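Observations on chain architecture
Below are the chains, spelled out letter by letter.
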Amino acid sequence: MPLRDQKIGFLGGGAMAEALIAGLLRSGLVEPASVYASDISAARQEYLEQKFGIKTADNSSVVSAADIVVLAVKPQAISGLLEEIAPAARPELTVVSVVAGISTDFIEGFFKTPVPVVRVMPNTPCLVGEGASALSPGKFCSQPNMDKALAILKASGQAVVVDESMMDCVTGLSGSAPAYMYLIMEGFIDGAVRLGLSRDVARVLTAQTMLGSAKMVLETGEHPAKLKDMVTTPGGTTIAGLYALEEGALRSVLMKAVAEAALRSSQLAPGKNSKT
Ligand SMILES: NC(=O)C1=CN([C@@H]2O[C@H](COP(=O)(O)OP(=O)(O)OC[C@H]3O[C@@H](n4cnc5c(N)ncnc54)[C@H](OP(=O)(O)O)[C@@H]3O)[C@@H](O)[C@H]2O)C=CC1
Ligand SMILES: O=C(O)[C@@H]1CCC=N1
């Protein structure tokens, strides 16, 4: 078991760290006593201690105490954080970065010794055990390092290994897409509320329909177009709704959303960003 006796430290205790900690602890693979976190905000540290029963400390103390360190600050804060923790970094450590747009090469460059780095793009549904994560190994990463990172991400959903050149794309897809899905659900809910359905009923029907449709794709392995055809009775209701979606160029809009988010990911590394 790759996480046995491993102490896991989170640097940056915001939304994504919270989702990963929640996923890890609800899986039962790790005890709260083995999890550490640091955050620039004392109030945030207190919140994490209270919510999860984990320990908090400053960044360097967390790195010294941990076997696996998860970098979970915003891209704009990564250089300062890496400078701060570099003296405590060592080759036995596994560094897992969830920071969008930041390459393994960039992170490795801050350390004096060859430190294994795994780049990961998770998403917030890790919070409820349904995350979708992609991982790429850095150049000093061994299979045991990857196994540890995979175990953390698989504890809270599905995880796949991709070439690092695909990480901006993955960031624009599964990293960002929970937000797109919520927007789509909001539109469906408002559409039903407009026709008189109560918001609560519309919310449950919408979310369960998205969940069920996603399960159909994953469990049948069928092309989404075939599953769509199964719903679409000739001359019926669904084709009328699909016609409206095609008029609104839904697929083209969704493709653009992935491309725009991937482009932004490619601009996030310090020195590359067009805006901060
Ligand atoms: N949210 C998401 O869905 C996903 C996020 N990510 C990545 O995860 C990372 C974190 O994102 P997210 O959780 O949304 O952001 P948050 O702003 O919620 O979390 C980052 C946290 O780190 C704190 N922080 C800032 N500087 C330091 C420091 N030097 N040491 C310790 N803590 C610090 C921040 O404090 P303060 O706010 O006061 O600055 C904040 O609480 C980002 O790099 C993002 O790209 C990846 C996949 C999905
Ligand atoms: O919006 C962001 O930049 C982060 C990365 C992917 C999801 N949230």
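Since the model is a prediction, treat every value here as computed from it, not as a measurement.

**Looking at helix H9 (residues 199-220)**
Between its terminal C-alpha atoms H9 stretches 31 Å, which fits the 32 Å expected from 22 residues at 1.5 Å a residue. With one of 22 residues buried, H9 lies mostly on the surface of the structure. Among the residues trailing H9, Gly 221 stands out with phi positive, at a value near 70°.

**Section: unusual backbone geometry**
Look at Asp 5: it is not a glycine, yet its phi comes out positive at around 60°. Structurally, Asp 5 can be placed in the segment before strand E1 (8-11).

**Overview of the site of ligand 1**
Around ligand 1 there are 28 residues in total, and Gly 12, Gly 14, Met 16, Val 99 and Ala 100 lie nearest to it. Listing elements by their share of the shell around ligand 1, those giving two or more residues are helix H1 (15-27) and helix H4 (78-85). With three residues, H1 is the largest single contributor of residues to the shell around ligand 1. Within the shell around ligand 1, the residues separate by chemical class into 15 nonpolar, 10 polar and three charged.

**Remarks on the UniProt feature "domain: Pyrroline-5-carboxylate reductase catalytic N-terminal" (unreviewed entry) in the chain**
UniProt records the feature "domain: Pyrroline-5-carboxylate reductase catalytic N-terminal" (unreviewed entry) at residues 7-101, using the numbering of this structure. The distance separating the terminal C-alpha atoms of residues 7-101 is 26 Å; by composition the span is 41% helix and 19% strand.

**What to know about the sheet that holds E1**
One open sheet accounts for eight strands, arranged E3-E2-E1-E4-E5-E6-E7-E8; its pairing is mixed. Edge positions in the open sheet fall to strand E3 (55-56) and strand E8 (157-161), since each of these has one partner strand only. Relative to strand E7 (residues 131-137), strand E6 (residues 117-121) runs antiparallel, the two sharing four bridges. For Val 118, the partnering residue across the bridge sits in E7 and is Pro 137. Packed on one face of the sheet, helix H6 (residues 143-154) meets E1, strand E4 (68-71), strand E5 (94-97), E6, E7 and E8 and runs near 170° to E7.

**Details of helix H7 (residues 167-175)**
The element H7 is largely enclosed, with a buried count of seven among its nine residues. Taken residue by residue, H7 has Met 167, Asp 168, Val 170, Thr 171, Gly 172, Ser 174 and Gly 175 as its buried positions. As for H7, its buried residues are in contact with E6, E7, helix H8 (177-194) and helix H12 (250-266).

Calculation rules
- Residues numbered from 1 in each chain as written.
- Chains lettered and ligands numbered in written order.
- Predicted model: local features only at pLDDT ≥ 70, side-chain atom pairs only at ≥ 80, totals over all residues.
- Helix = DSSP H or I, 4+ residues; strand = E, 2+ residues; numbered from the N terminus.
- Expected span 1.5 Å × (residues − 1).
- Buried ≥ 20, exposed ≤ 12 C-beta atoms within 10 Å, placed from the backbone.
- Near = placed C-beta within 6 Å.
- Nonpolar A, V, L, I, M, F, W, Y, C, P; charged D, E, K, R; others polar.
- UniProt positions renumbered as here; feature names shortened; annotations may be inferred.
- Pairing = 2+ DSSP bridges.
- Contact = placed C-beta atoms within 7 Å.
- Axes fitted to C-alpha atoms, helices over the stretch in contact; angles between N-to-C directions.

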